[in-house]
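Structural overview
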Amino acid sequence: MAVETAARQPLLLTRIADAREWVSRERRAGCRIGLVPTMGALHAGHGSLAARARSECDRVVATVFVNPTQFAPHEDFQRYPRTLAADLTLLGGIGVDMVFAPDAGEMYRGGATHAGTGAGASGVAATSVIPSTVAATLEGECRPGHFAGVATVVLKLFHIVPADVAYFGAKDYQQTLVLRRMVEDLDVPIRIEVCPTIRESDGLAMSSRNRYLSPEERERALSLSRGLAAAERAFAAGERSAAVLEQLARRELELAGAGPIDYVALADPETLDRPQRAGDRAVLLIAARVGGTRLIDNRMLQ
Ligand code: PAF
């Protein structure tokens, strides 16, 4: 007879002091801690980060916090899906030990405002992180204050959960560069691991925002990965002109009626400088709206 064993739910903590205490106890016991910061509405992409952490660390902590300071007032903060019960089930199935899911009052005791509206560069009214210049371009231009909000909340999470390794997805490519520079520049003793983008079988990059798409918009959204694939094929065949590679990707978006297009940009993988010709390695990044949903995707050309 098959015996079904229910996956253990992770321990859920909502207070900073409790999370700190739990982590310091595990560290004192000699455990290596892996951290997976998320905004919840989890999908298989997040699952792959947690699974990687599970395979490399003794204890795995995930955080679930929809961070107001990285959203501009006109963005989807209110609408962002909150699915904590399902998130806990998914994380429990992977063997995550603890989930830290504070509310905004707990995270920002001094108050928080939305990105671009606060006293400083971010939406945080109190002290905040000013990210490196790699934050200034692309997403930084389209979403002023966004990366200050991301860097600030991630640094706070790193202080609350002083992990050995933190896992992020390559889909948010610019975010990974911003955070890598932050830990380097501010001497944060946490290693950042960037894990591959997880895609649906038809190529769509997994994203919590995909659930906003109607079936017809989801079809159109495939043009992002199709555009990246077209540019990748041309790159593999020897094309190195940034303008040509960008145009190949842009054409797929236009044919599908996706837009407005925020950017289709060939960039240096480390600095995000925009060369006229790609070297041996370049990253192609896209941000475009499909219906009311803003999607991003990227591919390393090498
Ligand atoms: O990538 C995300 O989900 C968020 O930007 C992060 C890193 C959890 C910070 O809020």
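See the structure above.
Residues numbered from 1 in each chain as written. Predicted model: local features only at pLDDT ≥ 70, side-chain atom pairs only at ≥ 80, totals over all residues. Heavy atoms only, no water.

Brief notes about the pairing of strand S7 (residues 261-267)
Filter applied, for reference: Here's how the labels work: a residue is buried when its accessible area is under 20% of the maximum for its type, exposed when over 50%, partly exposed in between, all with a 1.4 Å probe on protein chains only. Elements are defined by DSSP. Helices are runs of H or I of four residues or more, strands are runs of E of two residues or more, and each kind is numbered from the N terminus. Two strands qualify as a pair provided that DSSP identifies no fewer than 2 bridges between them.
The element S7 is largely enclosed, with a buried count of 5 among its 7 residues. Sheet topology note: the S7/strand S8 (residues 282-290) ladder contains 6 bridges and is antiparallel. In the sheet register, Leu266 faces S8, and the bridge partner there is Leu284.

Here we look at the site of the ligand
Put simply, the test is: Any residue with at least one heavy atom within 4 Å of a molecule or strand is counted as near it. In the analysis that follows, any N or O atom pair within 3.5 Å is treated as a polar contact, provided that within protein one partner can donate a hydrogen and the other can accept it, and provided that, for residues neighboring in sequence, both atoms belong to side chains. What sets the accessible areas is the Shrake-Rupley method with a 1.4 Å probe; for residues, cover comes only from the shown protein chains. Buriedness for pockets is judged along seven lines, at least five of which must meet protein on both sides within 12 Å for an open set on the 1 Å grid over protein atoms alone, while cavities are sets there where a 1.4 Å probe fits but cannot get out, and lining residues have an atom within 4 Å of a point. Think of it this way: a molecule belongs to a cavity or pocket when more than half its atoms come within 2 Å of the grid points there.
In the vicinity of the ligand, the residues found are Pro37, Thr38, Met39, Asn67, Gln70, Val153, Val154, Phe168, Asp172 and Gln175. Here an oxygen atom of the ligand and a side-chain polar atom of Gln70 are 2.6 Å apart. Between Gln175 and the ligand, the recorded distance is 2.7 Å, taken from a side-chain N or O atom to an oxygen atom. Relative to its unbound accessible surface of 290 Å², the ligand loses 89% to contact with the protein. More than half of the atoms belonging to the ligand lie within 2 Å of the grid points that define the largest pocket. When contributions to the shell around the ligand are tallied by element, the ones reaching two or more residues are strand S2 (33-38) and helix H6 (146-160).

Focus: the layout of surface pockets
To be explicit about the condition: Grid points are joined across faces, edges and corners, and a volume is the space filled by probe spheres set on the points. Gly is placed with the polar residues, together with every amino acid not listed as nonpolar (Ala, Val, Leu, Ile, Met, Phe, Trp, Tyr, Cys and Pro) or charged (Asp, Glu, Lys and Arg).
Taken as a whole, the largest pocket encloses approximately 960 Å³ of empty space. What lines the largest pocket is a set of 49 residues, among which Met39, Tyr80, Lys171, Asp172 and Arg209 lie closest to the centre. Top element by residues in the lining of the largest pocket is H6. It accounts for 6 residues. When its volume is computed, the second largest pocket comes out at roughly 220 Å³. Taken together, 16 residues form the lining of the second largest pocket, with Val64, Phe65, Val66, Arg82 and Pro102 sitting closest to its centre. The residue inventory of the lining of the second largest pocket, partitioned by class, reads 11 nonpolar, 2 polar and 3 charged.

Digging into helix H3 (residues 84-94)
Selection rule: Regarding the arc, it is the one traced by the directions from the helix axis to the C-beta atoms.
Considered for burial, the residues of H3 that qualify are Asp87, Leu88, Leu91 and Gly92. Looking straight down H3, one finds its buried side chains confined to an arc of 130 degrees; they lie on one side. Facing away from the buried side of H3, by more than 90 degrees, are the exposed residues Ala85 and Gly93. Two residues or fewer past H3, Gly95 is found with a positive phi of approximately 90 degrees.

Some points on the sheet that holds strand S9 (residues 293-301)
To keep things clear, this is the line we draw: For helices, the fitted axis covers only the stretch in contact; all axes are lines through C-alpha atoms, and the angles between them, taken along N-to-C directions, range from 0 to 180 degrees. A contact between two residues is defined here by any heavy atoms of the two lying within 4.5 Å.
The sheet built from 3 strands is open, its strands ordered S7-S8-S9 with antiparallel pairing. In this open sheet, the two edge strands, each paired with only one partner strand, are S7 and S9. Taking each pair of neighbouring strands and ignoring which way they run, the sheet shows an average axis angle of 10 degrees. Across the sheet, helix H8 (residues 215-236) is in contact with S8 and S9; its angle to S9 comes to roughly 20 degrees. Across the sheet, helix H9 (residues 242-256) touches S7, S8 and S9, and the angle it forms with S7 is around 150 degrees.

Some remarks on the pairing of strand S6 (residues 191-195)
The condition that has to hold: Crossovers are marked right-handed if the path from the first strand over the helix to the second runs clockwise, as seen with the strands pointing away from the viewer.
Looking at chain direction, strand S5 (residues 165-169) and S6 are connected through 5 bridges and run parallel. Within S6, the residue paired with Tyr167 across the bridge is Glu193. For the crossover that starts at S5, traverses helix H7 (residues 173-185) and ends in the parallel S6, the hand is right-handed.

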